[in-house]
Amino acid sequence: MKASELKEKIKLLVKQVYQDKSKIDDAAIAYDELTKFPLLKDVIVDLLTSDFDSFLEDIEWVSPRPTVFRIVLLNGESFLLMYTERSWIATVEGKKYYLLNLDEEENCALAIGRILQYGPKSGAEVEGEEAPAEEAPEVEDEVDVNVDVDA
């Protein structure tokens with residue numbers, strides 16, 4: 001590989017990284033908690049990738065001390081993220097994952113992927129699907145029939 005080829009590859013990678021960063025910043029504007037807590041944004045990007053906005057419905061600040069956030073997914077499921085001095089702790093389906101450890105972070109991402117696979121909550125509309133229109137009950141014409149039965 002020549003020096004000029006290496007320079008071109010580096011330029012392309014730098015553009016791609018900055019494009020992803022601006023995409024993340026644009027998506028974070030929709031959530032007040034992500035602008036107030038930049039460390040939370042980093043954790044969510046680590047767990048859900050830079051396309052996190054496609055999967056989140058809401059981020060709720062649950063408690064100030066210890067700082068806990070409820071991450072509500074589009075399908076109605078949620079998980080908790082708690083900030084500690086050393087690391088973040090995620091609670092997904094009742095199991096705690098200490099995100100300081102890489103293997104636990106990977107297991108947490110897998111658990112979140114599992115709850116995303118549950119699909120929409122019952123009775124919820126799926127994006128792109130129209131709700132079935134309520135149909136009027138069919139009215140049958142009443143017919144009077146006189147039957148004489150000689151017994």
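For the structure itself, look to the data block above.
Residues numbered from 1 in each chain as written. Predicted model: local features only at pLDDT ≥ 70, side-chain atom pairs only at ≥ 80, totals over all residues. Heavy atoms only, no water.

(A) Inspection of the packing of helix α3 (residues 38-48) against helix α4 (residues 102-116) at higher detail. It is at 9 Å that the axes of α3 and α4 come closest, and there the two elements cross at 70 degrees. One element, α3, and the other, α4, form an angle in the roughly perpendicular class. Between α3 and α4, the contacting residues are D46, L47 and L48 on the first element and E105, C108, A109, I112 and L116 on the second. Across the contact of α3 with α4, the residue classes break down as six nonpolar, no polar and two charged. (Axes fitted to C-alpha atoms, helices over the stretch in contact; angles between N-to-C directions. Helix = DSSP H or I, 4+ residues; strand = E, 2+ residues; numbered from the N terminus. Parallel < 35°, antiparallel > 145°, perpendicular 65-115°, else oblique. Contact = heavy atoms within 4.5 Å. Nonpolar A, V, L, I, M, F, W, Y, C, P; charged D, E, K, R; others polar.)

(B) Molecular detail of the nonpolar core. Ranked by size, the top nonpolar core spans 24 residues in total, and within it I44, L47, F79, L81 and L99 carry the most contacts. Listing elements by their share of this core, those giving two or more residues are α3, β1 (56-64), β2 (67-73), β3 (78-83), β4 (88-92) and α4. In terms of residues, this core owes the most to one element, α3, which gives six residues. Residue contacts for F79: discarding those within four places in its chain leaves L47, F69, R70, I71, L73, T91, V92, I112 and I115. (Core = buried A, V, L, I, M, F, W, Y, C linked by side-chain atoms within 4.5 Å. Buried < 20%, exposed > 50% of the residue type's maximum accessible area, 1.4 Å probe, protein only.)

(C) Highlighting the pattern of salt bridges. With the rule as written, the count across this model stands at one salt bridge. Here R70 and E60 are joined by a salt bridge, their closest N and O atoms 2.9 Å apart. Remark: E60 occurs in strand β1 and R70 occurs in strand β2; sequence separation between them is 10 residues. A relative accessible area of 27% places E60 in the partly exposed class. (Salt bridge = Lys/Arg side-chain N within 4 Å of Asp/Glu carboxyl O.)

(D) Spatial organisation of the pairing of strand β5 (residues 95-98). As judged from the four bridges shared by β4 and β5, these two strands associate in the antiparallel manner. Looking at β5, one finds that A90 is bridged to Y97. Counted between consecutive antiparallel strands, the loop separating β4 from β5 contains two residues, among which E93 sits at a positive phi close to 55 degrees. (Pairing = 2+ DSSP bridges.)

(E) Examining the packing of aromatic side chains more closely. Tallying each qualifying case throughout the model produces three aromatic pairs. A centroid spacing of 6.2 Å and a plane angle of 40 degrees characterise the contact between F69 and W88, whose relative ring orientation is tilted. Residue F69 is found in strand β2, and its partner W88 is found in strand β4; the two are separated by 19 residues along the sequence. For F69, a relative accessible area of 0% translates into the label buried. A relative accessible area of 9% places W88 in the buried class. Ring geometry for Y83 and W88: centres 5.2 Å apart, planes at 65 degrees, overall edge-to-face. An aromatic cluster is defined as three or more aromatic residues linked by ring pairs; in this entry it consists of W61, F69, Y83 and W88. (Phe/Tyr/Trp six-rings, centres within 6.5 Å; stacked < 30°, edge-to-face > 60°.)

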